[in-house]
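Secondary and tertiary structure notes
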There are 4 protein chains.
Amino acid sequence: MKAVVLETVGDVSVRDIAIDETPGPRDVRIAVRRVGICGSDVEYYTHGRIGPFVVEEPMVLGHEASGVITEVGDAVEHLAVGDAVCMEPGIPDPNSRASRLGLYNLDPAVRFWATPPIHGALRETVVHPADFTFKLPDGVSLAEGAMVEPLAIGMHAAGKAQITPGDLAVVLGAGTIGMVTALAALAGGCSRVVITDVKPPKLAIAAGLNPQAITPVNVSETRVADVVGELTDGWGADIVFEASGAVAAVEGAFEPLRPGGRVVLVGMPGEKPAWDVIAAQIKEARIETVFRYAHVYPRALALMGRGTIDVTPLITDTFAFDDAAEAFAWAAEMPETSVKAQIELPA
Amino acid sequence: MKAVVLETVGDVSVRDIAIDETPGPRDVRIAVRRVGICGSDVEYYTHGRIGPFVVEEPMVLGHEASGVITEVGDAVEHLAVGDAVCMEPGIPDPNSRASRLGLYNLDPAVRFWATPPIHGALRETVVHPADFTFKLPDGVSLAEGAMVEPLAIGMHAAGKAQITPGDLAVVLGAGTIGMVTALAALAGGCSRVVITDVKPPKLAIAAGLNPQAITPVNVSETRVADVVGELTDGWGADIVFEASGAVAAVEGAFEPLRPGGRVVLVGMPGEKPAWDVIAAQIKEARIETVFRYAHVYPRALALMGRGTIDVTPLITDTFAFDDAAEAFAWAAEMPETSVKAQIELPA
Amino acid sequence: MKAVVLETVGDVSVRDIAIDETPGPRDVRIAVRRVGICGSDVEYYTHGRIGPFVVEEPMVLGHEASGVITEVGDAVEHLAVGDAVCMEPGIPDPNSRASRLGLYNLDPAVRFWATPPIHGALRETVVHPADFTFKLPDGVSLAEGAMVEPLAIGMHAAGKAQITPGDLAVVLGAGTIGMVTALAALAGGCSRVVITDVKPPKLAIAAGLNPQAITPVNVSETRVADVVGELTDGWGADIVFEASGAVAAVEGAFEPLRPGGRVVLVGMPGEKPAWDVIAAQIKEARIETVFRYAHVYPRALALMGRGTIDVTPLITDTFAFDDAAEAFAWAAEMPETSVKAQIELPA
Amino acid sequence: MKAVVLETVGDVSVRDIAIDETPGPRDVRIAVRRVGICGSDVEYYTHGRIGPFVVEEPMVLGHEASGVITEVGDAVEHLAVGDAVCMEPGIPDPNSRASRLGLYNLDPAVRFWATPPIHGALRETVVHPADFTFKLPDGVSLAEGAMVEPLAIGMHAAGKAQITPGDLAVVLGAGTIGMVTALAALAGGCSRVVITDVKPPKLAIAAGLNPQAITPVNVSETRVADVVGELTDGWGADIVFEASGAVAAVEGAFEPLRPGGRVVLVGMPGEKPAWDVIAAQIKEARIETVFRYAHVYPRALALMGRGTIDVTPLITDTFAFDDAAEAFAWAAEMPETSVKAQIELPA
């Protein structure tokens with residue numbers, strides 16, 4: 001079948017590749033229709049590795065995928081041929097210790113699309129477990145369906161935050177993950193999100209997602225703790241989501257926090273931040289850390305289906321399947337006014 | 001000062017009453033402007049008692065109140081003369097064991113407006129602790145401010161439910177409390193609320209609050225478990241809020257629930273329901289019970305200020321202060337098309 | 001192989017039965033050595049059914065089992081031939097929705113020993129998934145190993161109670177389940193357990209488990225709320241475990257509770273109790289319900305291995321395998337001075 | 001009255017000091033009898049400051065105190081003259097925002113003994129709020145009563161850890177705080193504590209507290225992650241308590257942790273550790289931070305009264321009141337074989 005293959009660093013081609021997949025009784029086959037380009041795809045494209053994961057053989061890219069079901073295993077009950085769906089890209093071992101506890105995202109044996117040596121989803125069809133394939137509700141497009149993967153990270157972070165309705169949250173970083181975290185935090189009960197960045201175009205897009213409830217702060221000009229202090233009579237934010245991966249953001253995460261507040265670390269910093277433990281202790285901060293997501297796809301889709309979360313403003317750029325090489329070259333230099341690029345496969 | 005006084009069962013008058021209140025350093029004086037009529041006010045009017053609380057002397061009615069500050073104690077920092085505010089009607093002892101734990105609503109020594117022998121707020125002015133007086137955000141009217149008290153019950157219930165974003169909730173009962181619980185559940189992260197009642201006008205008003213996300217079910221015609229089963233592939237609701245106080249509703253609360261779900265008991269049934277303990281156990285239901293509210297006024301106001309919660313459709317009827325006697329007579333026979341009646345005091 | 005077979009109501013025989021089991025790669029074969037007699041075994045013996053589960057064919061009894069491994073599947077890493085082990089009697093579908101959430105005990109497809117039509121463990125050997133087979137730590141005997149199943153119920157209840165160290169707990173009912181719940185509550189951080197019953201021999205055994213920390217109350221003579229009130233200056237118990245299944249006990253469970261306390265319903269009442277919802281609400285009681293257990297076998301064994309929990313005083317009677325028919329006849333009329341009877345299989 | 005006064009850095013005298021205290025209706029007066037010497041007392045003695053708190057005037061030392069009540073305010077009900085008691089050293093403002101939420105330890109207005117400029121408890125009598133004064137149960141001595149303050153830190157940490165019964169915990173650091181944390185973790189439901197240090201005498205004392213359940217690890221010779229891996233088949237510890245304040249210990253806290261585990265930061269490091277955020281994220285570690293304690297004195301006393309926690313092995317040295325200057329000189333150079341020194345006041 002035709003696929004978008006990372007041949008080696010900096011070299012993407014759209015070409016035939018032999019992938020032989022037969023659906024088992026609990027699987028479905030899906031004609032892939034939309035795939036978002038994630039920062040990790042771009043990282044493999046530009047550097048060939050992320051931490052211990054190294055691209056050593058040509059690998060199909062892409063893990064933010066939606067499509068239409070073309071074949072259904074015998075034991076599958078909740079899906080049918082023709083259903084528009086999106087897919088979780090990671091498949092855990094259901095018998096692992098982590099999976100048995102409900103923590104399947106922490107199973108070290110998970111097979112995750114486009115993480116070497118596992119092929120990704122930028123190809124004509126994929127065979128996938130039905131348990132990790134989710135029908136799109138009415139009114140949710142295939143383009144939106146391919147946004148569920150990044151949104152799931154924000155949803156998982158919002159779940160970990162144990163929001164009490166009416167909480168005020170800070171989101172550090174207005175990249176894609178910051179934006180989906182802001183959307184998930186508001187959908188999950190926050191009354192207001194103060195979002196930070198140093199890039200005015202990102203802040204403008206973020207604020208536009210919900211002008212009544214999202215307050216942008218350019219931290220190259222203004223201290224976020226000052227803004228939060230003013231909004232809360234000096235008390236502080238109930239929750240701080242760190243979604244930038246910037247070392248300075250992690251280091252400053254306790255400053256705008258209220259006593260008894262929670263910090264959720266979503267971004268993965270490239271260097272180790274200096275940890276002001278005492279600043280956390282005098283507020284008895286609870287710090288949650290998140291790794292991908294678990295159990296949130298149906299939740300994200302439910303909120304999208306009711307109109308509570310609208311991801312369409314984040315889909316700023318769309319490329320044709322045959323233009324995938326250009327898409328990756330462009331994505332490696334993505335302008336600040338873009339958020340998420342997707343590749344559209346032919347129907 | 002002039003006040004709405006329950007003289008004895010069935011006899012309300014608007015007349016002068018001597019209440020001598022001097023604000024302490026942590027208090028404010030408020031010119032009362034709007035007061036909602038609650039079911040408990042009507043119960044004292046029609047029966048003279050609620051459980052152990054008996055009206056033995058003339059008592060000022062009303063506890064759902066908003067107004068404008070006219071005087072501020074020396075130690076008060078966050079409020080000023082002229083601020084539009086709403087007030088929590090219960091004042092706990094800050095040194096009680098329950099208060100020290102943060103559970104001030106469970107303090108048996110709490111003094112609560114219009115609960116005999118404590119006078120209520122349907123009078124020209126009240127003196128109140130600043131800590132239990134909350135400034136209305138921009139765009140929230142005094143009429144909406146007087147709705148915070150009933151909304152706080154729904155908010156407290158939503159907080160106890162520990163909503164995970166995207167949960168599906170059932171709300172049993174579409175009276176005022178059912179409606180504010182539905183609003184709070186959606187604001188707090190639920191993707192959908194299935195609300196039940198046997199009165200079509202109530203269901204129509206409830207569904208109108210958010211037609212995309214609220215599904216009305218007339219339980220005199222349809223089983224709510226069937227509706228939930230269809231919406232969830234037979235899995236069940238994450239949360240069931242019991243907001244009717246109907247014995248049959250409490251008894252049926254476990255039926256639409258999913259395994260591992262939560263039931264929140266808000267309504268206070270007049271008789272003791274038959275408790276199907278095993279039905280709860282096979283789902284390992286967690287049952288939360290709520291009594292009034294604590295710490296939620298600022299949260300409710302924050303969500304109202306951002307437009308996430310709009311209570312104006314619930315304010316269906318308004319009476320002038322001088323017509324309070326007629327208002328109570330009307331409220332005792334309130335039509336099904338009405339939800340909340342308020343009394344407006346002169347500015 | 002030889003097995004203890006319930007032929008029909010009231011008729012148990014020890015005889016050969018053909019059970020053909022071949023271990024898969026993730027399974028082990030175990031020579032069964034000790035099996036406790038549970039109230040449910042006795043109920044099938046005396047009445048032939050429990051709720052919807054009806055004995056229609058001869059069925060091997062027993063689900064509280066320990067033994068020694070004789071064969072190990074290829075994929076099993078943590079167990080070896082010769083290991084002394086105990087086994088969880090219920091095997092869920094790892095791909096069910098409940099299992100994926102970590103709630104495998106709530107999977108309706110679970111196959112549970114000695115629940116018709118599934119054969120139990122009172123037989124020479126069983127083949128069992130290694131994931132549900134647990135090695136006994138040094139110093140824990142096979143007799144104690146066969147006590148892990150009932151103890152697991154108390155452990156699961158203690159986990160649901162979310163004990164804060166130093167809590168005072170009430171355990172209603174001093175039968176086997178009440179006793180293991182008391183042991184688990186103390187091991188789990190409670191400073192004191194007030195245990196109730198109407199049978200003096202049960203109370204004497206229970207108190208003897210930890211005379212410093214367990215206070216017996218004969219509720220035919222004394223109100224438990226009075227005892228708790230005296231111990232807590234009138235504040236109440238942090239936790240009430242209902243372990244009797246008695247209707248009156250469930251109905252009175254809120255009385256000794258403190259504001260903000262938790263009730264854990266372990267016992268399964270035969271009739272529906274009258275539910276004093278308002279009594280729960282004025283204390284904002286949280287009510288947890290439990291169904292069997294999940295993830296607690298290794299925890300129970302760890303506490304037994306360290307000496308924190310000692311179940312040996314509960315093993316009051318032991319019968320030989322060949323005397324199983326007599327054992328069941330005796331168990332149907334068990335004296336109040338006995339707690340748990342076990343059947344010992346030949347080595 | 002006579003008191004132990006820190007005149008200036010390095011200069012302690014036992015002399016008369018004028019402190020004029022009159023008990024209010026909710027207060028008691030206590031004849032002080034035992035006071036432990038805390039690391040913070042020694043720090044003021046040797047350096048004259050801790051962070052922003054600077055000794056600028058002569059200050060009475062000591063905050064780990066017990067005594068006997070000599071006078072009782074009119075509104076005090078639960079205490080009487082002659083009661084042996086211990087006292088929480090911090091008095092919050094009950095009306096602060098933190099206190100109203102139940103987080104009184106986070107109230108910035110708290111007045112804490114022997115934190116400049118507040119005098120401590122090493123003096124003949126103190127007047128104290130009855131709400132923060134706790135009667136010692138039968139069998140708990142005044143010496144043990146003065147250990148409740150440090151134990152409370154371990155108890156608070158154990159509470160924050162949300163122990164599930166049977167958890168395996170690591171405690172990093174075998175100083176006084178590490179030891180009380182180990183005791184609290186075991187009392188709170190842990191089956192085993194692996195405790196680390198680099199000083200053999202500390203490890204020997206710690207292991208002796210409960211040889212069956214406490215495993216000492218000298219981290220100058222052995223990696224704690226290796227020990228935990230062996231004990232848990234490579235899975236990891238459920239909880240890691242950091243009780244050393246050592247930078248390297250904080251930095252390594254995620255290594256022995258299991259997926260989904262919790263880290264509780266009790267120690268206050270002098271420098272900022274390098275934070276391996278990704279190491280925390282791949283395990284979705286929850287990190288709790290603690291500051292002093294709240295609501296735990298009665299819990300600690302209840303566990304001591306039942307014999308579950310025995311702090312007497314930690315009281316290694318006792319000095320007479322008149323020898324306080326020598327005691328502080330000695331404490332500044334305390335040998336590794338000592339844990340806690342106390343000063344005894346005359347009866």
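In this text the structure is predicted, and so the values were computed from the model without any measurement. (Residues numbered from 1 in each chain as written. Chains lettered and ligands numbered in written order. Predicted model: local features only at pLDDT ≥ 70, side-chain atom pairs only at ≥ 80, totals over all residues. Heavy atoms only, no water.)

What follows is about the overall build of chain A. Scanning chain A for helices and strands turns up eleven helices and 20 strands. Compactness check: chain A gives a C-alpha radius of gyration of 20 Å against a globular reference of 20 Å for 347 residues, within 12% of the reference. If you line up chain A on its principal axes, its C-alpha atoms span 60 × 40 × 35 Å. A separation of at least 24 residues holds for 70% of the contacts in chain A among residues at least 6 apart in sequence. As displayed, chain A offers around 12300 Å² of accessible surface, 51% of which is attributable to carbon and sulfur atoms. If the 26 positive side-chain charges of chain A are averaged to one point and the 45 negative ones to another, these points end up 5 Å apart. (Helix = DSSP H or I, 4+ residues; strand = E, 2+ residues; numbered from the N terminus. Rg over C-alpha atoms; globule rule 2.2 N^0.38 Å. Contact = heavy atoms within 4.5 Å. Areas by Shrake-Rupley, 256 points an atom, 1.4 Å probe, with all protein chains shown as cover. Lys, Arg positive; Asp, Glu negative; His and termini not counted. Charge placed at Lys NZ, Arg CZ, Asp CG, Glu CD.)

Take the interface of chain A and chain B next. Accessible area lost on assembly of the parts is the figure often given for the size of an interface. In this complex, chain A contributes 26 residues to the contact, which on the side of chain B involves 26 residues. Summed over both partners, the interface of chain A with chain B comes to about 1900 Å²; 50% of that surface belongs to carbon and sulfur atoms. If you sort the residues of chain A by the area they bury against chain B, P165, R299 and R306 of chain A come out on top, with a joint share of 37%. Across the chain A-chain B interface, the total number found is four salt bridges. Note that D238 of chain B is salt-bridged to R299 of chain A, the shortest N-O span being 3.9 Å. The interface formed by chain A and chain B includes eight residue pairs in polar contact (both at pLDDT 80 or more). Of all elements in the fold, only α4 (148-160) and α10 (297-305) of chain A reach the threshold of two or more residues within the side of chain A that touches chain B. Per-element tally for the side of chain A that touches chain B: the top contributor is α10 of chain A, with four residues. Partitioning the side of chain A that touches chain B into residue classes produces eight nonpolar, eleven polar and seven charged. (Buried area = accessible area lost by both parts, 1.4 Å probe. Salt bridge = Lys/Arg side-chain N within 4 Å of Asp/Glu carboxyl O. Polar contact = N/O pair within 3.5 Å; in protein donor to acceptor, adjacent residues only side chain to side chain. Nonpolar A, V, L, I, M, F, W, Y, C, P; charged D, E, K, R; others polar.)

This next bit is on the domain arrangement of chain A. Residue and element names in this part refer to chain A. Here chain A is described as being made up of domain 1 (2-147 + 311-344) and domain 2 (156-289). Computed from C-alpha coordinates alone, the two centres of domain 1 and domain 2 are separated by 29 Å. Facing ten residues of domain 1, the contacting portion of domain 2 comprises ten residues. Carbon and sulfur atoms supply 70% of the area buried between domain 1 and domain 2, which totals about 820 Å² over both sides. (Domains from an automatic or database assignment.)

A rotation about some axis, followed by a shift along it, carries one copy of the chain onto the other. The two copies are related by a screw operation: chain D maps onto chain A through 180 degrees of rotation and 0.0 Å of translation along the axis, at an RMSD of 0.0 Å. As the rotation angle and translation indicate, the two copies are arranged about a two-fold axis. A share of 100% of the interface residues of chain D reappears at the interface of chain A, consistent with the copies meeting face to face through the same patch. (Least-squares fit on C-alpha atoms with pLDDT ≥ 70 in both.)

This part covers the interface of chain D and chain A. Contacts between the two partners involve 40 residues from chain D, matched on the other side by 40 residues from chain A. Taken together, the two surfaces of chain D and chain A that pack against each other cover about 3500 Å², and 63% of this comes from carbon and sulfur. On the chain D side of the interface with chain A, the three residues burying the most area are W275, Q281 and E284 of chain D, jointly 25% of the side's total. Between chain D and chain A we count four salt bridges in total. In this structure, E284 of chain D and K160 of chain A form a salt bridge, with 2.9 Å as the shortest nitrogen-oxygen distance.

All names here are of chain B. Looking at where S13 falls in the secondary structure, it is placed in strand β2 (residues 11-16). One polar contact links S13 to E7, side chain to side chain, over a distance of 2.3 Å. Setting aside chain neighbours within four positions, we find S13 in contact with A3, V4, V5 and E7.

On to the sheet that holds strand β17 (residues 257-265) of chain A. The mixed open sheet is built from twelve strands, whose spatial order is β15(A)-β14(A)-β13(A)-β16(A)-β17(A)-β18(A)-β18(D)-β17(D)-β16(D)-β13(D)-β14(D)-β15(D). At either margin of the open sheet sits one strand with a lone partner, and together these are β15 (214-218) of chain A together with β15 (214-218) of chain D. In this sheet, adjacent strand axes meet at a mean angle of 20 degrees when their direction is disregarded. As defined by bridge partners, strand β14 (residues 192-197) of chain D adjoins β15 of chain D across five bridges and the pair is classed as parallel. Residue pairing across strands places V194 of chain D opposite T215 of chain D, the latter belonging to β15 of chain D. Where helix α7 (residues 224-231) of chain A meets the sheet, its contacts fall on β13 (168-172), β14 (192-197), β15 and β16 (237-242) of chain A, and the angle it forms with β14 of chain A comes to roughly 165 degrees. (Pairing = 2+ DSSP bridges. Axes fitted to C-alpha atoms, helices over the stretch in contact; angles between N-to-C directions.)

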